[in-house]
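# An overview of the molecular structure
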Amino acid sequence: MLRSLSPLILLLCVQAHAAELDPSRCAAIDDDAARLRCYDALARPALAASPQPTAAPAPTSSAAAPRADAEAAFGAEQLPDAPAEDDGRIDRIESRLVGRFEGWQSDTEFTLENGQVWRCVNCRSVYYIRDNPRVTIQRSFLGGYWLKVEGLNQRAAVRRVR
């Protein structure tokens with residue numbers, strides 16, 4: 001008998017919890033601070049369950065120059081005339097590819113709008129057409145780099161060539 005009641009008990013608990021977290025209950029509160037506390041209480045379980053991305057602070061005018069220097073130096077340790085050590089200040093850059101993007105294959109070169117040029121390293125062919133798509137190049141754990149094109153669920157191992 002207990003086994004047959006278990007789903008029913010679970011359903012009643014879920015419905016009671018859903019009624020407790022009803023957003024229309026918060027909307028009916030006139031006091032601004034109390035309404036905000038109600039919505040915060042609704043969001044708290046969802047926020048606790050999902051990891052929150054940390055937003056990078058907006059660069060100030062004094063921080064803009066070091067960021068630009070760091071972006072210019074990003075991946076430069078792979079260039080033939082590079083200094084021996086890497087500055088290591090940033091772990092990713094975001095930019096756009098210049099022109100029409102039609103995917104990649106081994107040895108495809110990617111020209112970014114910031115002037116950097118990156119090349120695929122042992123890439124398997126991918127076909128995807130976009131004009132000037134956003135890209136992110138991220139440093140990997142072992143010192144390589146990954147290129148990610150917005151809207152594409154694959155990454156390419158890349159090496160900076162210019």
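## Observations regarding the packing of aromatic side chains
- This structure, assessed with the given rule, holds five aromatic pairs.
- Considering the side-chain rings of phenylalanine 101 and tryptophan 104, the 6.2 Å spacing of their centres and the 50° angle between planes classify their relative orientation as tilted. The two residues phenylalanine 101 and tryptophan 104 agree in class, both being buried.
- Ring geometry for phenylalanine 101 and tyrosine 128: centres 6.4 Å apart, planes at 65°, overall edge-to-face. Within this pair, whereas phenylalanine 101 is found in strand β2 (residues 100–101), its partner tyrosine 128 is found in the loop between β4 (117–120) and β5 (130–131), the two being separated by 27 residues in sequence.
- Given the relative accessible area of 4%, phenylalanine 101 is considered buried.
- Tyrosine 128 sits in the buried class, given a relative accessible area of 14%.
- Put simply, the rings of Phe101, Trp104, Phe110 and Tyr128 pair up and form one aromatic cluster.
- Lying over the aromatic face of tryptophan 146, arginine 155 brings its terminal NZ or CZ to 4.2 Å of the ring centre.

## Looking at the sheet that holds strand β6 (residues 134–139)
- Overall, antiparallel pairing links the six strands, which are arranged β1-β6-β7-β8-β4-β3 in an open sheet. One side of each edge strand has no neighbouring strand; the edge strands of this open sheet are β1 (92–96) and β3 (109–111). This sheet shows a mean twist of 35° between the axes of neighbouring strands, independent of strand direction.
- Direction of pairing for β3 relative to β4: antiparallel, over a ladder of three bridges. Looking at β4, one finds that glutamate 109 is bridged to arginine 119.

## A word on the environment of serine 24
- Within the secondary structure, serine 24 is located in helix α2 (residues 23–27).
- The exposure class of serine 24 is partly exposed, given its relative accessible area of 45%.
- Spatially, the C-alpha atoms of serine 24 and tyrosine 39 are 9.9 Å apart, while their sequence positions differ by 15 residues.

Scoring rules and cut-offs
- Residues numbered from 1 in each chain as written.
- Predicted model: local features only at pLDDT ≥ 70, side-chain atom pairs only at ≥ 80, totals over all residues.
- Heavy atoms only, no water.
- Phe/Tyr/Trp six-rings, centres within 6.5 Å; stacked < 30°, edge-to-face > 60°.
- Buried < 20%, exposed > 50% of the residue type's maximum accessible area, 1.4 Å probe, protein only.
- Helix = DSSP H or I, 4+ residues; strand = E, 2+ residues; numbered from the N terminus.
- Lys NZ or Arg CZ within 6 Å of the ring centre and 35° of its normal.
- Pairing = 2+ DSSP bridges.
- Axes fitted to C-alpha atoms, helices over the stretch in contact; angles between N-to-C directions.

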